[in-house]
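Chain by chain, the residues run as shown.
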Amino acid sequence: MKKNVRRRGRILALTLAAILTVSLAEAGTVPARAEAADSDYGLGNPKIAYNYSEKITFGSYWQEDTNNDGKADKSDDKQPITWSTLKDYGDGTALVVSDKILDAGKYFEGVSEGEGGTDYSCTWMSSTVRNWLNGEFYKNAFTTDEQEAIIEEDVINDDNPAYGTTGGIITEDKVFLLSLNDVTNTDYGFVESTPGYQRRSVKVTAYAKSNGVETAVYDTGLWWLRSPGCTTSRAMVVDDIGGVSDYGSVVNTSLGIRPALRINLSSSYVKKTGEKTKISVKGSEWDTVTFGKYDGKDISWRVLNVSGDNAFLVSDKILTAKAYNDDKSITWKDSTIRNWLNTEFFTGSFTEAEQNMILNTTVKNDDNDSGYNVTEAGEDTEDKVFLLSLKDIIQPGYGFSDQYLAESESRIARNSEGFCDWWWLRSPGNFDFQAARVDDNGKADSNGLNVINSNGGIRPALIIDLKSSAWTKGEKVTAGDPSGGKEEPVVDPSSKVAPTTDPTANPTSAPTPAPADGKTSPTTTVPPTVSPAAQPAEATEKDNVTTFKVGSKKLKNKKTIKKTSKIKITDKDKIKKITLNGKSIKIKKNKTSFTLKLKNYKKKLKKKGKWNTLKVTDDKGNIKTVKFKTK
């Protein structure tokens, strides 16, 4: 586990920064700004604003393993259902939808036609799931008194114009599913387009998982809409990344059920939690600086983070388009785009004074474990100029959405002609010979494209020393509506957890630059992927480090072991969660040790020679990861 080193890191940063200042001043290469003494450069960190939905609790249903028997089923206690408000009608009622996928089931069982034939043609009116929601679910989730607070609604069932399938007649329902029109309704906080979108991407309860809902790497699942699909035996579904599909087979048992209803808010059984669901990024705002020229034009840079005398920047626009690499090598270290950025681009875009203000940076290259494969990123590098990584572009502290797969204006970039275009990241893709990217809708594509694709946009990133006078402050730039936005602290991207809830926390620790000659002092660690600009508060108690052993020997990272090995995991803190290649391993609660018998998890293991990722989370939120191959 990672120990808190904030105080020590800040002392080291200040010491090395002082050494750097002295060495540069003696060299006389970087003119100093008059205001450098108080480090007030008039630059701030990004501000980000969100769309929210009010949360309420109403009714109860089986959701989690409450009796600690290792499974979530009807032997567990029911727990309050949390609902997100889609629309407050202003008359004391509201349209709400369950905050999570609560159960699984077929859309339609089908009607026997005799001699073994079954007709699966249906509409919402004739569907099995409608009958279940207004029967079994309605009785199990709500007491007789609670049922009085539910308003019977006229449910409009629209046709599917793309395929000519009919939605059927208007029905009267207490409980129903959302429709295509609902999940593309901007008044409900959605977007009109149907590709992946954060507001539609939903977590799954343990009970729903046990009943068959399949989850993706982000613990999100697919869920039914009531709208007809491409044929009379298919219905629309929302996928795990919030995209909408017409191809949901009505007999599919692995799709989730997310109930919706209209409720009387004045009922004593409706409880306002005082919490809000963060449903999407409304807008972001960045300060900018101007320095350097490309193709004869000044380069404007967005300020992703300011700490002390250093600023972490990315170009505001896509400067050019190039292949990631000339052949099929996919590591950042060996890529031709890295070489171009640190040679031709560096020397051709900046004067000597500007070059001296750009700091050497130790760039952490993390493996891509965001999809179905774990793709190795190669060695860490030392660069003046680099590209952002997958983990960088999910940092709200840098003004970005915290979900890879959300279409977000915060990540949209325009090219020199003013059109939105896609741009390369330095992270590898999920498959061989591919590199990750951000598409022209602002969605992170962790699968990536072939590295020889020469249409990839280039947005250089770097860290500068603000004491130089070779830059000027530019105008603020915005994406969406940033009104009401606040600074978000930068968290450790490797943890894949949401940032701290304190919106006023300011990043404090600065990256420590190397001297201009790059020889005598340790290089800095770039804030995005190794040393976040804001560290968590100092721990009040010592973290109990997780250990992995095979037999009597410690399992070291990136070792090869037998496929029949037993890995013993121990931690004095209680183990909360274990995943193998992104898939959860069932464990009993309140345990401080667990033996993972690999032969029992053959389906979760990678093929021989491929890296497996074993990740352990304890009840204090600490995460320990080890990679291994089998032979």
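Counting restarts for each chain, with residues numbered from 1 along the sequence as it is written. Local features in this predicted model are restricted to residues whose pLDDT is 70 or higher, and side-chain atom pairs enter the listing and the counts only when it is 80 or higher, whereas totals over whole chains, interfaces and linings include all residues. As a rule here, side-chain values come from all non-hydrogen atoms in the structure, and water together with hydrogens is ignored.

Draft legend 1. Molecular detail of the overall build of the chain. Broken down by element type, the chain carries 7 helices and 40 strands. A simple rule labels every residue: compare its accessible area, found with a 1.4 Å probe on the protein chains alone, to the largest value its type can have, and call it buried under 20%, exposed over 50%, or partly exposed in between. Burial status across the chain gives 51% buried among its 631 residues. Whether two residues touch is decided by their heavy atoms; if any such pair falls within 4.5 Å, the residues are in contact. Here the analysis covers contacts within the chain between residues at least 6 apart in sequence; of these, 66% occur between residues at least 24 apart. Accessible surface, the chain: about 28,700 Å² in total, of which carbon and sulfur atoms supply 47%. Put simply, DSSP marks the helices as runs of H or I at least four residues long and the strands as runs of E at least two long, and each gets a number from the N terminus on. The accessible surface values rely on the Shrake-Rupley method and a 1.4 Å probe; as for residues, cover is taken only from the protein chains in view.

Draft legend 2. Region of interest: the sheet that holds strand β33 (residues 553-554). The strand order across the open sheet built from 4 strands is β33-β32-β35-β38, with neighbouring strands paired in antiparallel fashion. Only two strands of the sheet have a single neighbouring strand rather than two, namely β33 and β38 (593-597). A pair of strands is labelled paired if DSSP reports no fewer than 2 bridges between them.

Draft legend 3. Quick look at the packing of aromatic side chains. Between 30 and 60 degrees the pair is tilted, below 30 it is stacked and above 60 it is edge-to-face, where a pair is any two Phe, Tyr or Trp rings, Trp via its six-membered ring, whose centres lie within 6.5 Å. Evaluated as defined, the whole model comprises 25 aromatic pairs. Every member of this aromatic cluster is reached through a ring pair, and the members are Phe58, Tyr61, Trp62, Trp83, Trp132, Phe137, Tyr138, Phe142 and Tyr207. Look at NZ for Lys and CZ for Arg. If either is within 6 Å of the ring centre and within 35 degrees of the ring normal, a charge sits over the ring. Positioned above the aromatic ring of Trp223 is the side chain of Arg258, whose terminal nitrogen or guanidinium carbon lies 4.8 Å from the ring centre. Over the ring of Trp423 we find Arg459; its NZ or CZ atom is 4.6 Å from the centre of that ring.

Draft legend 4. Structural view of the pattern of salt bridges. What makes a salt bridge here is a side-chain nitrogen of Lys or Arg within 4 Å of a carboxyl oxygen of Asp or Glu, nothing more. Applying the stated criterion across every chain, the model contains 20 salt bridges. Note that Lys209 and Asp219 form a salt bridge whose closest N and O atoms lie 3.7 Å from each other. Pair noted here: Lys209 is in helix α5 (residues 206-210) and Asp219 is in the loop between α5 and β10 (223-228), with a separation of 10 residues, a long-range link. Connected through shared salt-bridge partners, Asp91, Glu153 and Arg262 make up one network.

Draft legend 5. Local environment of helix α2 (residues 128-141). Roughly 30° is the biggest bend found in α2, and it falls at Asn134. Pairing of N or O atoms within 3.5 Å defines a polar contact, subject to two protein rules: one partner must be a possible hydrogen donor and the other a possible acceptor, and residues neighboring in sequence count only if both atoms are side-chain atoms. Between the side-chain oxygen at the start of α2 and the backbone nitrogen of Arg130 there is a gap of 3.2 Å, and the oxygen is on Ser127. What we call the bend at a residue is the angle made by axes fitted to the seven residues finishing there and the seven residues starting there.

Draft legend 6. Spotlight on unusual backbone geometry. Although it is not a glycine, Asn68 sits at a positive phi angle of roughly 55°. Of note, Asn68 is situated in the loop between β1 (47-62) and β2 (78-88). The phi dihedral of Phe433 is positive, around 65°, even though this residue is not glycine. When you line up the elements, Phe433 lands in the loop between β24 (423-428) and β25 (434-438).

Draft legend 7. Summary view of helix α6 (residues 336-349). The principal kink in α6, of about 25°, is found at Asn342. Where α6 is buried, its residues meet β16 (288-294), β17 (297-307), β19 (320-321), α7 (352-357), β21 (381-383) and β27 (457-458).

Draft legend 8. Expanded view of the sheet that holds strand β34 (residues 559-561). Spatially, the 5 strands line up as an open sheet ordered β34-β40-β39-β36-β37, and their pairing is mixed. Looking at which strands have only one partner, the edges of the open sheet turn out to be β34 and β37 (583-585). In this sheet, neighbouring strand axes are inclined to one another by 35° on average, regardless of whether the strands run parallel or antiparallel. Alignment of strand β36 (residues 575-580) against β37, held across 3 bridges, turns out to be antiparallel. Of the residues in β37, the one forming a bridge with Ile578 is Ile585. Helix axes are fitted to C-alpha atoms over the stretch in contact, other axes to C-alpha atoms as well, and angles between N-to-C directions run from 0 to 180 degrees.

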